[in-house]
Amino acid sequence: MKREKDSREEITLIGFVDPLDDDDDNTGVKISTDEDEYIVEMNRTGKKLLNMIDEEIQATGRVSVDSNGTKTFDVKTFDYAPYDESDEDAEE
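Not measured: the values here are computed from a predicted model.

A.B. asks: Please clarify how the nonpolar core should be interpreted in this entry.
C.D. replies: Proteins that are soluble and globular tend to have nonpolar side chains buried together. Ile31, Leu49, Ile57, Phe73 and Val75 are the most contacted members of the largest nonpolar core, which has 13 residues in total. Those elements giving two or more residues to this core turn out to be strand 2 (11–19), strand 3 (29–32), strand 4 (37–40), strand 5 (56–66) and strand 6 (71–80). Sort the elements by how many residues they give to this core and strand 5 lands first, with three residues. The residues touching Phe73, leaving out its near neighbours within four places in the chain, are Ile11, Leu13, Ile31, Tyr38, Ile39, Val40, Glu41, Ala59, Thr60, Gly61, Arg62 and Val63.

A.B. asks: Would you mind showing me how to read the pattern of salt bridges here?
C.D. replies: When charged atoms on two side chains of opposite charge get close, those side chains can pair. In the structure shown here, the tally under the stated rule is three salt bridges. As a salt-bridge pair, Lys71 and Asp36 come within 2.5 Å of each other at their nearest N and O atoms. Here Asp36 lies in the loop between strand 3 and strand 4 and Lys71 lies in strand 6, a separation of 35 residues in the sequence. Residue class for Lys71 comes out partly exposed when judged on its relative accessible area of 26%. A salt bridge links Lys76 to Asp74; its shortest N-O distance comes to 3.2 Å. Of the residues examined, Asp74 reaches a relative accessible area of 16% and is grouped as buried.

A.B. asks: Would you take a moment to explain the pairing of strand 6 for this structure?
C.D. replies: For a regular strand, side-chain orientation follows a simple rule: the groups alternate between the two sheet faces. When strand 4 meets strand 6, the two strands line up parallel, connected through two bridges. Across the sheet, the residue bridging to Ile39 is Thr72, located in strand 6. Sheet topology places strand 5 next to strand 6; nine bridges connect them, and they run antiparallel. Looking across to strand 6, one finds that Gln58 is bridged to Asp79. Hairpin connection, strand 5 to strand 6: the antiparallel pair is bridged by four residues, and Gly69 has positive phi, about 90°.

A.B. asks: Would you take a moment to explain the side chain of Asp74 for this structure?
C.D. replies: With respect to the secondary-structure elements, Asp74 resides in strand 6. Reaching out from Asp74, the side chain makes a polar contact with the side chain of Lys76 at a distance of 3.2 Å. If we skip the residues at most four places from it in the chain, Asp74 touches Glu41, Asn43, Thr60, Gly61 and Arg62.

Parameters at a glance
Residues numbered from 1 in each chain as written. Predicted model: local features only at pLDDT ≥ 70, side-chain atom pairs only at ≥ 80, totals over all residues. Heavy atoms only, no water. Core = buried A, V, L, I, M, F, W, Y, C linked by side-chain atoms within 4.5 Å. Buried < 20%, exposed > 50% of the residue type's maximum accessible area, 1.4 Å probe, protein only. Helix = DSSP H or I, 4+ residues; strand = E, 2+ residues; numbered from the N terminus. Contact = heavy atoms within 4.5 Å. Salt bridge = Lys/Arg side-chain N within 4 Å of Asp/Glu carboxyl O. Pairing = 2+ DSSP bridges. Polar contact = N/O pair within 3.5 Å; in protein donor to acceptor, adjacent residues only side chain to side chain.

Note that all results are geometric; they support no functional claim without further evidence.
Structure representation (structure tokens):
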């Protein structure tokens, strides 16, 4: 996959870890945010996200965009998303 644009600066995403579609030959995950989806690069840290499917996480890394507009996320660090008490209040 040829990369055209690399953000060069690290960003932090909060989103859910989802498996890639079953029709893909790749084993992998994506991070789905409210705004977009990012295919996770399957480096050492990215592979650890295979154990976090269906969890909401906060991840820091770099975004690349290929010629098709697909966004790829090179995860450097991740953890569970911070707990937000206002979400609980909104449900009541």
